[in-house]
Amino acid sequence: NADPDTDTGKIAVLCANIDIDKLADDGVDADSVRSDSETFNAPATIGFQITVTNNGSGTATNVVVDDTLPALPSGADWSIVPPVAGCALSGTDNRELDCTFASLAPGASVVIHVQADAVFADCNNANNTISLPNTASVTTGNNGSDNDSATIVLNCADIDIDKLADDGIDVDSDRSDSETVNG
């Protein structure tokens with residue numbers, strides 16, 4: 001009889017840990033940084049920065065980013081600036097952001113920046129502001145999913161015009177919509 005032979009071994013499973021972070025571009029506030037909510041004065045170039053990061057010790061596979069960007073009333077097109085390999089915009093006003101990456105190494109990140117030009121026409125039916133909330137999501141073939149949201153608020157001018165005639169000969173000495181002048 002032969003003595004049994006045994007060996008203990010270890011198997012290390014290196015898992016991916018996918019994360020997505022979405023921030024609105026810096027607006028009119030004084031802090032000069034992107035955040036979850038930013039305000040712009042129309043007209044302005046508005047945008048979002050989406051960062052996908054693999055915080056795990058294993059490679060994330062089949063990484064897919066989806067984002068339906070907010071519609072601007074003017075129908076302005078969104079663009080990816082600068083272009084990112086694996087990402088494309090499609091649909092009405094280029095609002096459908098789709099990115100596919102075969103893999104994302106441990107500790108690696110991909111940054112996607114999208115922008116559009118908001119114009120005065122976007123404010124035509126607004127009551128002082130337009131709120132543009134938005135959520136981006138990421139899925140992987142081996143690590144589940146994540147999502148994150150950010151909001152852009154677009155300030156619109158609210159202008160009233162009052163036209164008054166110069167003060168005439170009436171007793172009140174105030175300007176009004178109608179005045180009588182002798183002469």
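Residues numbered from 1 in each chain as written. Predicted model: local features only at pLDDT ≥ 70, side-chain atom pairs only at ≥ 80, totals over all residues. Heavy atoms only, no water.

Overview of the sheet that holds strand β8 (residues 109–118)
Read from one edge to the other, the open sheet built from four strands follows the order β1-β3-β8-β5, with strand pairing classed as antiparallel. Two strands in the sheet have a free side with no partner beyond their single neighbour: β1 (18–24) and β5 (79–80). Here strand β3 (residues 44–54) runs beside β8; their pairing, made up of ten bridges, is antiparallel. Bridging across to β8, Thr51 finds its partner in Val111. (Pairing = 2+ DSSP bridges. Helix = DSSP H or I, 4+ residues; strand = E, 2+ residues; numbered from the N terminus.)

A look at the pattern of salt bridges
Proximity of charged atoms lets side chains of opposite charge pair with each other. Scanning all chains against the criterion turns up two salt bridges. Here Asp67 makes a salt bridge to Lys22, at a shortest N to O gap of 2.4 Å. Taken together, the residues Asp67 in strand β4 (residues 60–68) and Lys22 in strand β1 connect sequence positions 45 residues apart. For Asp67, a relative accessible area of 2% translates into the label buried. For Lys22, a relative accessible area of 0% translates into the label buried. A salt bridge links Arg34 to Asp25, with the shortest nitrogen-to-oxygen separation between them at 3.0 Å. In this structure Arg34 comes out as partly exposed when scored by relative accessible area, which is 36%. (Salt bridge = Lys/Arg side-chain N within 4 Å of Asp/Glu carboxyl O. Buried < 20%, exposed > 50% of the residue type's maximum accessible area, 1.4 Å probe, protein only.)

Treat this as a map of the structure, not an account of what it does.
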